[in-house]
Each structure stands twice: as C-alpha cells, then as structure tokens.
Amino acid sequence: PYVLRWATVATEDNTFYENPGFDPQSIARAAWEWAQQGEIVSGGSTITQQLVRQIVFEYEERTEQSLRRKLKEAILAWIMTQQFSKDRILELYLNEIPYGNLTYGIEAAADVYFDKHASALTLAEASFLAGIPQAPGVYDPYTDFAGVKARQRQVLDLMVLHGYLTSEEADAAFAAPPVEAGDLASPDISLVAPHFTVEVKRQLAELPGIDPVLLSRGGLRVYTTLDPGYQALAEQLAAEQVAELRDEYNLTNTALVALNPNTGEVLAMLGSVDYNDTSIDGAVNVTLSPQQPGSTMKPFTYALALEQGRTAADILWDVPMGYDTGIGEGYDYVPVNYDGRFHGPVRMRDALANSYNIPAVTTLRDVGVDNLVALMRQLGVESLSEDPARYGLSLTLGGGEVTPLELTAAYGALATGGNRVSPYLIERVTDRTGTVLYQHTPQPPQSVIDSRVAFIISSILSDNTARTPAMGSESPLLLPFPAAAKTGTTNDFRDNWTMGYTPHLVVGVWAGNTDDTPMAEGISGLVGAAPLWNRFMTEVYDNPELTSLLEAPGLPPLRSDFAPPPDVAQRPVCVLSDWRDPRAAEEGCTRTRNEWFVVLRPEEVTEMPATPTVPPTETVAPTFPPLPEELLLTPEGFPTEVPTLEPQRVEIEPGLWALTVMRLPDEARQVLAAAAESTTRPDVPGALPPVYCEMTHPYPASDTVAVQLFIAPPADPVDALRARNWAYENGVPIVPGFDCSDEVLAQVTLEPTVDYDLVSGATYRIDSPIAGDQLFGIVPITGTAAFDPVRVMYYKVELGIGENPEQWLTIGDIHPEVVSGNVLEYLHADALAPGPYVIRLVLVRTDGNFLPPFPVPITVVPAPAP
C-alpha cells in the first residue's frame, strides 16, 4: 500500500525519488571525516545504498568503516538506479530488509505482527512497521512495545514533515491500533526457548563488533548460556502448575528464571507458559517486564538494618501503627499484615521469616527509602528509579516495580555472600569461518552487601522453624536440602512471587496474569508460585546431569548449608513466644534458641558504639543496689500523686531488660490508681497514666524489691506509646516507664479512644458518634465491647437527658456477646426532643458492679428539611 511506501521513504530516505541512488552531501561529509579522523563516523545512506549493502557486500566489507567502501556503495547504488526504476528498487528493499522476530520482508512482517497481507495494512500498522528496520534487534514489539510505539510517532511526524500526511491524520493513526501489545498477533514460530531466543537476538544487535545486517542474513554462530535440560523442565512444570491453578484461582500465566549465581549464566528463561497463546499475551517476556514484587523486597530492607548495626535478635513491634508519609496528613499510612493480625514483640528473624508487614515498614523508615533504592540499583535492579522521592515506605512491601530477571539476580547476591550477580545470555559469537567476534568477559566479584549480613539473611530465609507460624511446617518453601526462600504477594492479588536459592542455584518464579487482571482473592505466593519453585529446585538437584553445571572449584558441596563466613558467632537468646503470660516475667527466660550475630572486626571497633554487638555467652542474673528506704512506703503514708521512680535496669540481650521494681500491696495499688485517675488528661481522651506512665504497671502484691524481666519498647516515643498500648491490652510484659509529656501525646492519634479496665481485662469504647456530634434520625452507635465472660456478664448502651444526667435509660437490650469495631446499638434520635444528651457504654461484671462507663455527650437536633 502507498501508506507503507510513504512511511518508508519519509523515514529512511526522503529524497529517494529524486536522488541518483546516493546522497552527494553525505558522500562529501564522509570524505571530510575520513580526511580529518581516518574513519567514517556518520550515516546517511539512501534506501538504494542500504539495499546494495544488504544484497551485494560480504560481512567483512559491510562492516568496514572506510571511504573506499562508502564510495563503492555509492557507485553501485548509482548503477542500480540506472538499471531499475525507483519503484522496483523500493520493492526489492521492502522484500529484503528484516523486521525482527525472524521476519524478512514486509509481507512476512505483516503476517507475523498483524496476521494479514501487506496489501491490507492500515496507515497505523504501516507506520508502526516502518520504524522497525532501523534497528530490528532493538525495536521488538514483543519485548518493548512502548519503544516501538514511540518510534512510530517519529515515523508519523516525518510523514507530516515531508507532506505525506496532515497533523490530524498522523494523530488519528497514532491513536488507532496497535495501541497496546495485545493488538499484535502472536508469531507462530517454533523455537527452542522462544523468549530466550528473541532476547538473545535483541542483545546481539547491541553487541560490539556484530553487524546488524549480518545478523539479519545469517552466518553467525551464537553460543548461549541456556541449558536445554533446565529449560525443558521449566516449561513442563510451569504448564502443569498453571493447569492445576487456572480454574480455581484465575491464574493463567507464570514465568521462571534460573541463574548460576556464581557466574551469572542464565540457565533457563521462561517468559510465559506458552509463547504462542495470544489469550494470555504469551509472546510477552514477563521475566523482562516490570512487576510489583510484594514482600520479596523485605530481605534487602533488613540487610540494610543489619549493616547499620542492628541484629537479627532485635525486637521489633508488630502492633497497630501509623506512619507519617510527609504529605501533611499526619500518620496517614496504616499498613496491615497479610493475616489481619498483630503479633506484638517479635525478633527480626521471626519478622522476616513470617513476612510481617509492620516491622518491615518500621525498619524501612529507620534505614531510609533512599538507601534501599540505592542498594537495589547497586544490585542491578535498574527498573527502580534513581529518584527515591518516587517511592514511599510501601517500597519494602512491593511498592515499586522490578523485573523478575533483575530480582532473581539480586537474590543471587545473597547466595554468593553479597557479591553482585550480572546475568548474561550470550557466551560468545563467531562468524562462519570460526573467527570470534564477541566473547563474554567474566566480571570480578563486586561486593555490595557485607558477607556477614548476606549470611544472616540466608540463615533467616532458610529457617523453616522460624517461618512455621505463618507458612506452616510443611510449606512448599521446605526442600529436602538447605535452601533459602521468600514469597511475595501484592495486596490486590495481581502478582505472586517466590525467590529462592542455594549457594549454587537461584530461581525466581512469578505467577499471575499478563494483562494485570487480579487472580482470585486470597491466593498468595505460597500457593501461586512456591509449588513451581519447589518442584523445579527439587528435580534439578535430583538430576546429576543438571547439577553438574553448578559444581565448581571453591564452592561448597551440593546440598550443603550456607557456610558461615568469618566474624559471625552464635549466642542464645530468649524465645519471646513464651512471654504472653505476664508471670513469665517473674520466672525469667524459660527457653532459648541460638542466633547469629556480627562480630566486629578490629578496624570496625573504633567506628561503632561501645556497646558490643554480640551479647554475653550466658545470660547472667544482674545484681542491683537496694532502693532507697524513703521509697518503700506503707499504704497509709503513700503519696497522693503518682511517684516518679526510675527502676534500675540492665539490657541482658537485644531488647530484653532486667529491672528492679517495687512490688506493691493491693492497698498501695489502689492509692496509685486513684491518684492516676485524678490526673487524667481531659484533652486527650483515654490517655490514662495506668496505660502509659512510669511505675503504674500493676505489679504482683508484695512489699519487697525484686528483679523482673521485661521486653523493651521501641526507642521512638510515638512507636513506644503504640507498643505499650498493645502490650498492656495483650498481657505482654513491657519495660515500664514513659514520659507522658504533652509533646509526645500530641503526636499520637488516640481516636477512637480506648478504655481499659485493669481488674477485668475488658476493652470497651464508643467509636461513633463522637463527643459534640449533632444527631437526628436513626443513628448506629458503633464501637468495641471486648470482655471475658467469666468476669463480665454483658454490655449495654444507656441514654441520659441533659448535660449531667441523673437518670439513665437502657437503649435497646443488654448484650452478652462480644462486639469489636461494629454496631453496639441504634439510637432513635427521631423520637427524642431536641437538646443535649449523653450516651454511655456500660459493662456489668459478674458480681453486679459496673465498670467505669464510657460517656459521649451529644446533641439531638431536628431533622433537616428534605
């Protein structure tokens, strides 16, 4: 069609129908360059010259950058112009040039990309194809559709410039199909490892010393890193996985990359489960397509924390948290865990192994988003922007986009002790005579992560016991030999990931739908990706022919564990899961487990704080000086204000403290509680000192001084306040003592307010309406009434008339059931006269007494006119 001819001429040679076969100005420019620099550095060949170069010259002459070759090319183009018409030359050109993906000539290109004859091409399709021949290895619609689309825009603009189209016609063509990869036909090409082969072809065009013309006409031998056994295994297992999950989970596609982390060789690259299946966009190579990685980013967040002096035994608080994202809306980012629960104080090992979200976000806040972006780019993840301002704290939960190939290589750095892995596909290229045109040069190891840190992260990711609470003891992450693994799931269920490795092999698996439609709600990386990773790793290690590719001098034996580097040591630490019962604080550490710690090297000691990184080998009960006599008061002489007592405290291991505390008799506790209640802050509802402040923890009744063990709160005062709230309500012993200053309390959103009863252990509140609301009609009263039926019989909601009611009426009925964040009762304000009222939530104990009510003053107003 004429639109194809116009597009080609406007793009490649706008003077084609007027020139004598060559451009005299370009020949003169080439002669000047040869005289000045000794070589030709500019292009400018006409369509006829390109055709001559394509069909006449041998490879050596075609790649020669000399004035002799340029003159010979021009002379032969002039002779061709004398012997053939311009239309005949254009016909020869369009039938000879490559359009990528093994297509030669426009008829083949139209058939492969659009499943039609060239004569039926539209302007949009013709301009799309006309831009490809300039660099068919680069402009590949199946791997970089956006790049080819941008090239089409250039072609259309050139057609406007040279008078073939109006601007309006060009804009309409650009907006017409193809506008997305799904508008292309899938090339029905029988290739071994098609995604890998297409990517190799693309890379060949970018290699130094490889002439694109020779690449399109043949004559090269290309030796790649692909192993047919690995590739065939990936294809077989992926097809079985998708067939098993497609109907139940709406999962239609998966991708897999297998790398040798010690060399960077890509042993298998499965870009989709079926290259020729257009219904799943099978020709798209997902291993090179940016996707959200979910929690597979967390190991690198924790690696940064370890490099900044934290330890795997550090206690992180998995409690309800809000984070200031800097957009002026306070603590506006409120993440949740995948299981919808909070787990309180957890070691860093457990936080990472079980993939808890809140500790990871807190850790990223502490180590810095900019540092995580910098680390990932140092590891070769270039899909992430260099500008950290584009990302927030959700980056550690997968809030950026990376390609599976990049992320697999990043995990390869953990497998090799922190050395960057640069994946490569092409080993060497020779011509038909055997002359080596390109040879891959191995890169020397580049340390990006401290080897001690990389080992500790690998230890955590291979710890099946640590991850059992969230993943189960027999999860797909457990192999018959030591292996580290991490899953990832996006919160909209569009992406499932599993990244895993041994010291010899790293495999990354992605599962989902190429068109980005969500899978069934609830599917996780443990279900969608991990089974494929498990089967692939297991079958590779069961096949001596495949594992023989991984063995090399200096590497540990196959199936061996990760070898600890020098300067790491194991020490026992307390198991925190035993501390749910406050009585455990008195009994001390009942169970321990070993944890790995970084041992500082001599040159590092002067750069680090004086506190040793490695705790003592044995936990020794510390000794404390006795408390001053004047503080050991009788109940009668107890002060009427809350005393300020600073317990003696010693950190016996990361996050675990021993304290001397005063055990008070019941009478003294009552005096303390009364004094605390009298100092309640009226401007901060619920901020009762018994929850937050120094020395108001309800210690066991005794008048002696004793040593107790407590878990330390976070260092950040706002985090500490949230941790103390959660710990107090869930019976976790936390170091008492807190600065109840106006400055700190003002930083924490305490709504909905929480009322907590020390004796009954009940939590109750009204969330809505709030104090001062004006109500009309039928109003739901929502909130929480959580209690132990052994101590509390029921709750009820009462209504009082006026600002200071003397009588109370029960709204609705009494309720023996527990309510959490839901409707407690309904207020029929339409049946009340306008004016002030108070509603209150009351819990009635089993002894008939009320707990202190939770009041909310309101005003009933007439319903507004329709």
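Residues numbered from 1 in each chain as written. Predicted model: local features only at pLDDT ≥ 70, side-chain atom pairs only at ≥ 80, totals over all residues. Heavy atoms only, no water.

## Focus on helix H19 (residues 451-461)
And then number 1: A large share of H19 lies buried, amounting to ten of its eleven residues.
And then number 2: Taken together, the buried positions of H19 are Arg452, Val453, Ala454, Phe455, Ile456, Ile457, Ser458, Ser459, Ile460 and Leu461.
And then number 3: The backbone nitrogen of arginine 452 lies 2.7 Å from a side-chain oxygen of the residue at the head of H19, namely aspartate 450. (Buried < 20%, exposed > 50% of the residue type's maximum accessible area, 1.4 Å probe, protein only. Helix = DSSP H or I, 4+ residues; strand = E, 2+ residues; numbered from the N terminus. Polar contact = N/O pair within 3.5 Å; in protein donor to acceptor, adjacent residues only side chain to side chain.)

## So, unusual backbone geometry
And then number 1: Omega for the peptide link from proline 177 to proline 178 comes to 10°, which places this bond in the cis form.
And then number 2: Looking at the element boundaries, proline 178 is found in the loop between helix H10 (167-175) and helix H11 (194-204).
And then number 3: Backbone torsion omega between serine 768 and proline 769 reads 5°, so that peptide bond is classified as cis.
And then number 4: Within the secondary structure, proline 769 sits in the loop between strand E19 (763-768) and strand E20 (774-775).
And then number 5: Phi angles above zero are rare outside glycine, and asparagine 250 is one such case at about 55°.
And then number 6: Among the secondary structure elements, asparagine 250 is positioned in the loop between helix H13 (228-249) and strand E4 (253-259).
And then number 7: Classification of asparagine 250 as partly exposed rests on a relative accessible area of 38%.
And then number 8: Non-glycine residue aspartate 567 carries a positive phi angle of around 70°.
And then number 9: Along the chain, aspartate 567 falls in the loop between helix H23 (544-547) and strand E13 (568-574).

## A word on the side chain of arginine 765
And then number 1: Take arginine 765: it is sitting in strand E19.
And then number 2: A distance of 2.7 Å separates a polar atom in the side chain of arginine 765 from a polar atom in the side chain of aspartate 767.

## Let's talk about the nonpolar core
Note on soluble globular proteins: their nonpolar side chains tend to be buried together.
And then number 1: By size, the foremost hydrophobic cluster in this structure holds 91 residues, and its most contacted members are Phe300 and Met376.
And then number 2: At eight residues, helix H18 (residues 404-415) tops the list of elements feeding residues into this core.
And then number 3: Those residues within four positions of methionine 376 in sequence are excluded, and the remaining contacts are Met297, Phe300, Val381, Leu384, Leu407 and Ala410. (Core = buried A, V, L, I, M, F, W, Y, C linked by side-chain atoms within 4.5 Å. Contact = heavy atoms within 4.5 Å.)

## Re the confidence of the model for the protein chain
Low-confidence regions, as indicated by low pLDDT, have predicted coordinates that should not be scrutinised in detail.
And then number 1: Per-residue confidence for the protein chain averages 80 on the pLDDT scale, and 77% of its residues sit at or above 70.
And then number 2: Within the model, pLDDT remains below 50 along residues 658-708, and this stretch shows 131 contacts once partners closer than five positions in the same chain are excluded. (pLDDT = per-residue confidence, 0-100.)

## Let's talk about a nonpolar patch on the surface
And then number 1: Together, Leu71, Ile75, Trp78 and Ile79 line one region of the surface with nonpolar side chains, adding up to about 350 Å² of accessible area.
And then number 2: Relative to the helices and strands, tryptophan 78 resides in helix H5 (residues 67-83).
And then number 3: You can call tryptophan 78 partly exposed: its relative accessible area is 41%. (Patch = residues over 30% accessible without salt bridge, like charges linked within 9 Å, V, L, I, M, F, W, Y side chains within 5 Å. Areas by Shrake-Rupley, 256 points an atom, 1.4 Å probe, with all protein chains shown as cover. Salt bridge = Lys/Arg side-chain N within 4 Å of Asp/Glu carboxyl O.)

## Digging into the sheet that holds strand E9 (residues 436-439)
And then number 1: The sheet built from three strands is open, its strands ordered E3-E8-E9 with antiparallel pairing. Taken across any chain shown, the strands that pair with only one partner, and hence form the sheet edges, are strand E3 (221-224) and E9. On average, each strand axis in the sheet is inclined to that of its neighbour by 15°, with strand direction left out of account.
And then number 2: Two strands pair when backbone bridges link them, and E3 and strand E8 (residues 426-430) are joined in this way by four bridges, in the antiparallel orientation. The residue bridging tyrosine 223 from the neighbouring strand is arginine 428, located in E8. (Pairing = 2+ DSSP bridges. Axes fitted to C-alpha atoms, helices over the stretch in contact; angles between N-to-C directions.)

## Things to note about the sheet that holds strand E26 (residues 854-860)
And then number 1: Here five strands make up an open sheet; going across it, the order is E20-E26-E25-E22-E23 and the pairing mixed. The open sheet is flanked by E20 and strand E23 (808-815), the only strands paired with a single partner.
And then number 2: Taken together, the nine bridges between strand E22 (residues 792-801) and strand E25 (residues 835-845) define a ladder with antiparallel strand orientation. The partner of glycine 800 across the bridge, within E25, is valine 838.

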